[in-house]
Amino acid sequence: MTMGKTKGRVFSGARPTGRQHLGNYLGAIQNYIALQEDYECVYCIVDLHALTTVETTQELRQNTYEMALDWLAAGIRPEDAIIFVQSHVPEVTELHTILSMVVPLGKLTDLPTFKEKVRQHPNNINYGLVGYPVLMAADIILYKADTVPVGVDQAPHIEFTREVVRSFNYRYQTNVLVEPNMKATAVPKVMGIDGQNKMSKSLDNHIELAATPEETTQRVMQMVTDPQRVRRTDPGNPDVCNVFSMHKIFSTPEQVAEIDVECRRAGIGCVQCKQLYAKNLNTNLAPFRQRRAEFDQKPDQVWDILHAGRDRAKVIASQTMREVRQAIGLAE
Ligand code: SF4
């Protein structure tokens, strides 16, 4: 464990979805940054997982790079946390194969996440989709993470991983694999600009962190507000308004209090309210955008960071695989 990190090792992975949006930031990246203070953190861009559903791999490298840029610019510290690309440490595929022998097939096909994927990709129900949770478990287990930050809806994945660990340790009468604990995190549900659905790139209702101030303002001005407020003279209800939820995160307490009052008595119009939000959001994101632009000037440096992360991750992975092979009795 790294000096000063007293609480153990965290693992978290995310599929390379390219430029990150506000929902990614508030739901995950912010938490990644905070965890660095107390934990030894292993953050992985899980490109192998992406292969289960991507139609073309042409954008995979660029998406990986863009995501790494966002993570670094947001404040993930590579001199501290291990940040790397999943496929750069192929030991995970070996562990995936080994773990797949202790997981009953019916358990995998019964998982709601598998059924959901089948619904989403009826023409591409591949073997990788079935084994997806085993690969997720392999990621956590390979790096001997004892802590995995998750939202409540992801709790079953951690429980699944714990079961895999117990099955393996029991079957081979060993204790080399570590059961991870879930660190429940309050993940705010960040709604898209449509005000109806969770912010998501595929629904094109997102605001990219790296967008220009003009693009950001344009997106904000499209945000759906209180649907009952039709005319400027109608009083609004901030409690049901997505713009107001965002003000609570990016505006000052005084501004939030004022909007809360003025909206209800039609003292402020939605256009003005959104303009203020856009201004505050752009101000908040300015340092991030500056850092991102600096990293983007030196793409080689970003890949060097990912490769250095790979080397550190490999040290842990090799050790785990040595222990796993020994526990099973595989010839070295
Ligand atoms: Fe929402 Fe602001 Fe319009 Fe009120 S004034 S409905 S908080 S956008």
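How each quantity is defined
Residues numbered from 1 in each chain as written. Predicted model: local features only at pLDDT ≥ 70, side-chain atom pairs only at ≥ 80, totals over all residues. Heavy atoms only, no water. Helix = DSSP H or I, 4+ residues; strand = E, 2+ residues; numbered from the N terminus. Contact = heavy atoms within 4.5 Å. Areas by Shrake-Rupley, 256 points an atom, 1.4 Å probe, with all protein chains shown as cover. Near = heavy atom within 4 Å. Nonpolar A, V, L, I, M, F, W, Y, C, P; charged D, E, K, R; others polar. Core = buried A, V, L, I, M, F, W, Y, C linked by side-chain atoms within 4.5 Å. Buried < 20%, exposed > 50% of the residue type's maximum accessible area, 1.4 Å probe, protein only. Phe/Tyr/Trp six-rings, centres within 6.5 Å; stacked < 30°, edge-to-face > 60°. Pairing = 2+ DSSP bridges. Right-handed = clockwise from strand over helix to strand, strands pointing away. Domains from an automatic or database assignment. Buried area = accessible area lost by both parts, 1.4 Å probe. Salt bridge = Lys/Arg side-chain N within 4 Å of Asp/Glu carboxyl O. Polar contact = N/O pair within 3.5 Å; in protein donor to acceptor, adjacent residues only side chain to side chain.

In this section: the overall build of the chain. When you go through the chain residue by residue, the secondary structure sums to 13 helices and five strands. Principal axes of the C-alpha set define a box for the chain whose edges measure 75 × 40 × 40 Å. The long-range share in the chain, meaning contacts at least 24 apart out of those at least 6 apart in sequence, stands at 77%. Surface summary for the chain: the accessible area is close to 16500 Å², and the carbon and sulfur share equals 53%.

Glancing now at the site of the ligand. Around the ligand, the surrounding shell consists of Thr225, Asp226, Arg229, Cys241, Val243, Phe244, Ile259, Cys263, Cys270 and Cys273. Of all the secondary-structure elements, those providing two or more residues to the shell around the ligand are helix 10 (242–250), helix 11 (253–264) and helix 12 (270–297). Taken together, the residues of the shell around the ligand sort by class into seven nonpolar, one polar and two charged.

Attention shifts here to the nonpolar core. Leu22, Tyr43, Trp71, Ile76, Tyr277 and Leu281 are the most contacted members of the largest nonpolar core, which has 51 residues in total. No other element matches helix 3 (residues 60–74), which puts eight residues into this core. For Tyr277, the residues in contact, after removing those within four places along its chain, are Leu22, Val220, Met223, Val243, Met246, His247 and Phe250. Formed by 41 residues, the second largest nonpolar core is a distinct cluster that contains Leu135, Val150, Ile316 and Val324.

A word on the packing of aromatic side chains. The full count for this structure, using the stated rule, is eight aromatic pairs. Seen in terms of ring centroids, Tyr32 and Tyr43 are 4.2 Å apart; in terms of plane orientation they differ by 10°. Their pairing is stacked. Of the two residues, Tyr32 sits in helix 1 (residues 22–35) while Tyr43 sits in strand 2 (residues 40–45), which places them 11 residues apart along the sequence. Given a relative accessible area of 5%, Tyr32 falls into the buried group. Given a relative accessible area of 0%, Tyr43 falls into the buried group. With centroids separated by 6.3 Å and ring planes inclined at 20°, the aromatic side chains of Tyr65 and Trp303 adopt a geometry described as stacked. You can see Tyr65 sitting in helix 3 and its partner Trp303 sitting in helix 13 (residues 299–328), a full 238 residues away along the chain. We note that Tyr65, like Trp303, is buried.

Right, let's talk about the pairing of strand 5 (residues 181–184) for a bit. Of the pairings in the sheet, the one linking strand 4 (residues 147–150) to strand 5 comprises four bridges and is parallel in character. Within strand 5, the residue paired with Val148 across the bridge is Met182. For the crossover that starts at strand 4, traverses helix 8 (residues 155–171) and ends in the parallel strand 5, the hand is right-handed.

Our next topic: the domain arrangement of the chain. Segmenting the chain into domains produces domain 1 (9–190 + 298–328) and domain 2 (213–292). Inter-centroid distance (C-alpha atoms) of domain 1 to domain 2 is 35 Å. Taken residue by residue, the interface counts nine residues in domain 1 and eight residues in domain 2. Regarding the contact of domain 1 and domain 2, the summed buried area is about 780 Å², with carbon and sulfur atoms giving 66% of it. The largest share of the area that domain 1 buries against domain 2 comes from Leu22, Leu26 and Ala73, three residues that together contribute 54% of it. One can count two salt bridges joining domain 1 with domain 2. The partner of Arg292 in a salt bridge is Asp70, with the nearest N and O atoms 2.5 Å apart. Connecting domain 1 to domain 2 are three residue pairs in polar contact (both at pLDDT 80 or more). Going through the elements one at a time, helix 1 and helix 3 are the ones with two or more residues in the side of domain 1 that touches domain 2. Here the element with the most residues in the side of domain 1 that touches domain 2 is helix 3; it accounts for five residues. The residue inventory of the side of domain 1 that touches domain 2, partitioned by class, reads six nonpolar, no polar and three charged.

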